[in-house]
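# Working through the structure, step by step
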Amino acid sequence: MRPLITGAFCVVAASVLWTGAVFAADPCADYIPQPKPQNAGRDVVGQDIDTILERGLIRIAVYEDFPPYSWEEGGRAKGVDVELGRIIAEDLGVKVEFDFVAASETLDADLRNYIWKGPLVGGAVANVMMRVPFDPAFACRVEQVTFTGLYADESIAIAYSEAEYPDGGPVPAYFRFDTVAVENDSLSDFYLSGFAGGQLAAGVRRFPDMAGGMAALAAGEVKAAMGPKAQLEFGLTPGLAVHEPPLAGLAKSKWLVGVAVHFAYKPLGYAVDDAIRKAMEDGRLEAIFAEYGLTWQPPEW
């Protein structure tokens, strides 16, 4: 079972998007220098692109048990982020190995454990980490990491039973009376539980992951489900639909997703960014999303 707060987007959503903060024109205006790793060997902090090319292998960190983005099935890695990772490796002309990693309670911890320092017990850092939400102010604060390769927008949406809502999808206010599935301790959980002074809390049904929530929706146990659009689309069955209504009181319901590399290896970041950009331009990335039944939302600034 995955941690209750799963994936980087939930961590940033809980700590940044829900605050309602409005970023200044200069997101680094409040910049405070951060400590950089010292006296660490190459194997601890990652490898530069020349070393990766010489050994013919790149290690890419993806979140474990996190469909439709990354998971293992029958011993094979699957998901949107996995397929994009293979494209990156192919563009570099190297093999790829995926490190399926557990989400920590904060994005800072994930980046520390898997990109610039390494876990406290066992394991090692990866060369690249997928599905990292990009926020300018956060990027300024975490100097040990280079954020690059933006490849999608992620957004909060609502899946619903068309039989229950024949005139169109519900908005949050409906859930004062109707039941809605969410992933426990996710942005959707926080938002609905606090909406209108807690008036919707009684209708919220919590599940360990969004797949469970969508299964409950398909079985008629709830009338709707709220979460990241891609996860909702991946769980759609006949008679269900997804829409993106206005979400009053939620400062930011959409965020950019990219990759992270160690701050010392800028050329690697450039190479990864080039590979992702080419995949977006020639349609390969959109085709990957379509293969998993998802709508690709291009990254927009």
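In the annotation of an unreviewed UniProt entry, the entry for the protein reads Substrate-binding periplasmic protein, and the organism field reads Litorisediminicola beolgyonensis.

### Some words on the layout of surface pockets
Any empty space left between atoms is shown by rolling a water-sized probe over those atoms. In this structure, the second largest pocket occupies an estimated 190 Å³ of space. In terms of lining residues, the second largest pocket is bounded by 11 residues, among which K252, K254, L256, E300 and W301 are the most central. Looking at which element gives the most residues to the lining of the second largest pocket, the answer is strand β11 (residues 254-262), with three residues. A breakdown of the residues in the lining of the second largest pocket according to their chemical character gives six nonpolar, no polar and five charged.

### A look at empty space enclosed by the protein
According to the stated counting rule, one finds four cavities of 30 Å³ or more in the structure shown. In this structure, the largest cavity spans a volume of roughly 70 Å³. Residue lining of the largest cavity: Y69, R131, A152, D153, E154, K229, A230, E233, F289, T295 and Q297, and that is the complete set. Considering only residue class, the lining of the largest cavity consists of four nonpolar, two polar and five charged.

### A closer look at the pairing of strand β7 (residues 180-183)
On a regular strand, each side chain points to the face opposite its neighbour's, so the side chains alternate between the two faces of the sheet. Side chains V180 and V182 project from β7 onto one buried face, and the interleaved A181 and E183 project onto a second face that is buried too. Bridging between β7 and strand β8 (residues 204-207) involves four bridges; their strand directions are parallel. When the bridges of β8 are listed, V180 appears paired with V204. Note on the crossover from β7 through helix α7 (residues 187-194) to β8: the handedness is right-handed. The pairing of β7 with strand β9 (residues 224-228) spans two bridges and is classified as parallel. What sits directly across from V180, in β9, is A224.

### Remarks on helix α10 (residues 266-281)
Relative to the 22 Å expected for 16 residues at 1.5 Å per residue, α10 spans 22 Å between its end C-alpha atoms, a close match to the ideal helical length. Taken residue by residue, α10 has L268, G269, A271, V272, A275, I276 and A279 as its buried positions. Mapping the buried residues of α10 onto a view down its axis gives an arc of 165°, with all of them on the same face. Seen from the open side of α10, the exposed residues pointing more than 90 degrees away from its buried face are Y270 and E281. Of the residues flanking the end of α10, it is G283, one or two places downstream, whose phi is positive at about 90°.

Quick notes on the rules
- Residues numbered from 1 in each chain as written.
- Predicted model: local features only at pLDDT ≥ 70, side-chain atom pairs only at ≥ 80, totals over all residues.
- Heavy atoms only, no water.
- 1 Å grid on protein atoms, 1.4 Å probe; cavity = no way out; pocket = protein on both sides within 12 Å on 5 of 7 lines; lining within 4 Å.
- Points joined across faces, edges and corners; volume = space filled by probe spheres on them.
- Helix = DSSP H or I, 4+ residues; strand = E, 2+ residues; numbered from the N terminus.
- Nonpolar A, V, L, I, M, F, W, Y, C, P; charged D, E, K, R; others polar.
- Buried < 20%, exposed > 50% of the residue type's maximum accessible area, 1.4 Å probe, protein only.
- Pairing = 2+ DSSP bridges.
- Right-handed = clockwise from strand over helix to strand, strands pointing away.
- Expected span 1.5 Å × (residues − 1).
- Arc of directions from axis to C-beta.

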